[in-house]
Amino acid sequence: VQLQAFGGGLVQAGGSLRLSCAASGRTFSSYVMGWFRQAPGKEREFLACIRWNTGSTYYADSVKGRFTISRDKARNTVYLQMNSLKPEDTAVYYCAAGTWRGITIATQEYAYDHWGQGTLVTVSS
């Protein structure tokens, strides 16, 4: 599986961005697709995930209500719509793919076997 994330950029606080993650290489029926981010000097943080076959979604408390994860099966693409962005959302954002083994595991980096290259989001105050 190859993942390519794009859509990052510079945005003012309160603005919105939509990240995309295009997947290729195999079918994903049993997969979970996740978004993580890593800010300078911090550990990588789970944001959201979506089960590819059911569309069920899960969010970290830090982004619940502001971020929305979705997927387009026809395009093999996962999206992360980010609204009401804050300067503390500044980070490199990564998409990832792994096999679904329950939500507790899906919030952890080790659940994901495939990672995109990351896309930088900068939120100015």
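Use the structure listed above.
Residues numbered from 1 in each chain as written. Predicted model: local features only at pLDDT ≥ 70, side-chain atom pairs only at ≥ 80, totals over all residues. Heavy atoms only, no water.

Colleague: I tried to follow the pattern of salt bridges on my own but got confused; where do I start?
Modeller: In a structure, side chains of opposite charge can pair up when their charged atoms sit close to one another. In this structure the tally under the stated criterion is 6 salt bridges. Between Arg 37 and Asp 89 there is a salt bridge; the shortest N-O distance is 2.8 Å. Highlighted residues: Arg 37 in strand S4 (residues 31–38) and Asp 89 in the loop between strand S8 (77–82) and strand S9 (91–99), separated in sequence by 52 residues. An identical accessibility class is assigned to Arg 37 and Asp 89; each is buried. Each of Arg 37, Glu 45, Arg 66 and Asp 89 takes part in salt bridges that share partners, so that together they form one network. (Salt bridge = Lys/Arg side-chain N within 4 Å of Asp/Glu carboxyl O. Helix = DSSP H or I, 4+ residues; strand = E, 2+ residues; numbered from the N terminus. Buried < 20%, exposed > 50% of the residue type's maximum accessible area, 1.4 Å probe, protein only.)

Colleague: Honestly, the pairing of S9 in this entry has me stumped. Any pointers?
Modeller: Both faces of the sheet carry side chains from a regular strand, because those side chains alternate between them. Across the 9 residues that make up S9, a large majority, 7, are buried. Both S4 and S9 contribute to a ladder of 8 bridges, which runs antiparallel. Note on S9: the bridge partner recorded for Trp 35 is Cys 95. With 2 bridges connecting them, S9 and strand S10 (residues 114–115) associate as antiparallel partners. Its bridge partner lying in S10, Ala 96 is registered against Trp 115. (Pairing = 2+ DSSP bridges.)

Colleague: What should I look at first to understand the state of the cysteines in this one?
Modeller: Simply put, disulfide is the name for a covalent bond between the sulfur atoms of two cysteines. If you walk through the whole model with that rule in mind, you get 1 disulfide. Here Cys 21 pairs with Cys 95 through a disulfide, and the sulfurs are 2.1 Å apart. Linking Cys 21 and Cys 95, the disulfide has an S-S dihedral of approximately 65° and is accordingly described as right-handed. Here Cys 95 lies in strand S9 and Cys 21 lies in strand S3 (residues 17–24), a separation of 74 residues in the sequence. Of the residues examined, Cys 21 reaches a relative accessible area of 0% and is grouped as buried. Of the cysteine sulfurs around Cys 49, a residue in no disulfide, the closest is that of Cys 95, at 13 Å. (Disulfide = S-S within 2.5 Å.)

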